[in-house]
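Report on the structure
For reference, the chains in residue letters:
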Amino acid sequence: VVSLLETFDLPACMLPSIEPSIGGEFGVINQCPALDGVPIGAILGDQHAATFGQACFNVGDAKCTFGTGAFIMMNMGSDDPVVSKQGLLTTPFYQIKGQPAVYALEGAVAVAGSLIQWLRDNLELGASAEEIAELASSVKDAEGVRFVPAFNGLFAPHWRDDARGTICGLTFYHTKAHIARAAIDAASFQTAEVFDAMKADSGIELSALKVDGGMTVNPQLLQFLADILGTKVLQPKNLETTAAGVAFAAGLSTGVWNSLDQIADLWAEAKQVDLSIDDEERSNLKASWQKAIDRSLGWEQ
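Below: a short report on this structure.

So, the overall build of the protein
The helix and strand tally for the protein stands at nine helices and nine strands. The C-alpha atoms of the protein give a radius of gyration of 21 Å, which matches the 19 Å a tight globule of 301 residues would have. By its C-alpha atoms, the protein is 65 × 45 × 40 Å across when sized along the principal axes. For the protein, with 301 residues in total, the buried portion stands at 47%. Nonlocal contacts in the protein, meaning residues at least 24 apart in sequence, comprise 69% of its contacts between residues at least 6 apart. Carbon and sulfur atoms form 53% of the exposed surface of the protein, whose accessible area is close to 15,300 Å². Taking the average place of the 19 positive charges on the side chains of the protein and the average place of its 37 negative ones, the gap between the two points comes to 6 Å.

In structure tokens:
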């Protein structure tokens, strides 16, 4: 930090003090008549709040938010943070005032739900995401088609800006329905890559994945995700996990709740999806995805 201040010729007094994210001294709300004087009990980033809202309070607990991209976090506990060597981010998850900080591993996938938007707007495969999902459901699976949506390169865990979008495995047999199905599968394949990297960094085996975000209304996504991860996928009743998470954190700091256990009891499951394929089939699917990844690389110099 000192060297950065010197580089940019900034005095240290310009930096804010570091406070615990839950129970820190953040002041009170003003210039808002309905909330004037209400203390700011917690500050959490978007994905950190969603992870808190999913009650990922134990080491190895993980969530994935499927929006335009896919955003994955796994709780690593309050011991020394796991410094990733697999292309992930090591991040402070949260800290309750007076307690050690809790850390997490984080991975971001650039293109997930936005690929469905691209199929709608650029290829005109349907008038809506719902139509494209219906199209994809008209075939039992992608029949070997793999769609790597590296439109602006690949994010975690690859970090390759020379990659570009690639569709592999096409034959005369395939139709637009298979391309739509491969696009939905791509979100799960990319998520599995991040969790493989997390396992390599931490040695922790994923036992369940909590999911949220707009794409999770699609049952094809949830089933393929469970299959490719080899674990159960859990969807909560409350999908607004970011808002819930920061509200839980603020409530914890002000005494609305007295423990993480009380907050965890508020999390309710709407759906559980179990895996439906064996290890050999999963291995073959992941191997075919890796072939597609390899072919997406090196397009830009």
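From this point, the narrative continues.
Some words on the pattern of salt bridges
Here the structure, examined in full by the defined rule, presents eight salt bridges. Between E143 and K140 there is a salt bridge, with its nearest N and O atoms 3.3 Å apart. We note a salt bridge from E205 to K199, for which the minimum N-O separation is 2.8 Å. Taken together, the salt bridges that share partners define one network made up of K140, D141 and E143.

Digging into the side chain of Q54
Inspection of the secondary structure assignment puts Q54 in the loop between helix 2 (46-53) and strand 1 (62-66). Excluding its chain neighbours within four sequence positions, the residues that come into contact with Q54 are K63, K210, V211, D212, P236, T241 and W267.

Examining helix 7 (residues 241-254)
Owing to its 3.6 residues per turn, the α-helix aligns residues three or four sequence positions apart on the same side. With 14 residues, helix 7 should cover 20 Å at 1.5 Å per step; its first-to-last C-alpha distance of 20 Å lies within 8% of that length. Taken residue by residue, helix 7 has T241, A244, G245, F248, A249, G251 and L252 as its buried positions. Viewed along the axis of helix 7, the buried residues span an arc of 165°, placing them on a single side of the element. The inward-facing, buried residues of helix 7 abut helix 2, strand 7 (208-212), strand 8 (232-236) and helix 8 (260-264).

A closer look at the sheet that holds strand 3 (residues 89-94)
The pairing of strands in a sheet happens through backbone hydrogen bonds and is either parallel or antiparallel. Overall, mixed pairing links the seven strands, which are arranged 3-4-2-1-7-8-9 in an open sheet. The two strands at the open ends of the sheet, each matched to only one other strand, are strand 3 and strand 9 (269-273). Between one strand axis and the next, the sheet turns through 30° on average, direction left out of account. Here four bridges tie strand 8 to strand 9, and the two strands are oriented antiparallel to one another. Paired with V233 across the bridge in strand 9 is V273. Contacts from helix 2 reach strand 1, strand 2 (70-77), strand 3 and strand 4 (102-109), with the element oriented near 60° to strand 3. This element, helix 5 (residues 176-202), spans strand 1, strand 2, strand 4 and strand 7 of the sheet and lies at about 20° to strand 2.

Conventions used here
- Starting afresh in each chain, residues are numbered from 1 along the sequence in its written order.
- Whole-chain, interface and lining totals are the exception, using all residues; otherwise, since this is a predicted model, local features are given only for residues with pLDDT of at least 70 and side-chain atom pairs are given and counted only at 80 or more.
- Side-chain metrics in this entry use all non-hydrogen atoms of the structure; hydrogen atoms and water are not considered.
- Here a helix means four or more residues in a row that DSSP labels H or I, a strand means two or more in a row labelled E, and each is numbered from the N terminus.
- Based on C-alpha atoms, the radius of gyration is set beside the globule rule, defined as 2.2 Å times the residue count to the power 0.38.
- Remark: exposure states derive from per-residue accessible area (1.4 Å probe, protein chains only) relative to the maximum for the residue type, with buried under 20%, exposed over 50%, and partly exposed in between.
- The contact criterion used is simple: two residues touch if any of their non-hydrogen atoms lie within 4.5 Å.
- Note on areas: Shrake-Rupley with a 1.4 Å probe; residue coverage comes only from the protein chains shown.
- Counted charges follow a simple rule, with Lys and Arg positive, Asp and Glu negative, and His plus the chain ends left uncounted.
- Lysine's charge is taken at NZ, arginine's at CZ, aspartate's at CG and glutamate's at CD.
- By definition here, a salt bridge exists when the distance from a side-chain nitrogen of Lys or Arg to a carboxyl oxygen of Asp or Glu is within 4 Å.
- Given the number of residues in a helix, its expected span is that number minus one, multiplied by 1.5 Å.
- This arc is built from the directions going out from the helix axis to the C-beta atoms.
- Two strands qualify as a pair provided DSSP detects at least 2 bridges between them.
- Each axis is a line fitted through C-alpha atoms, taken for helices only over the stretch in contact, and angles between the N-to-C directions span 0 to 180 degrees.

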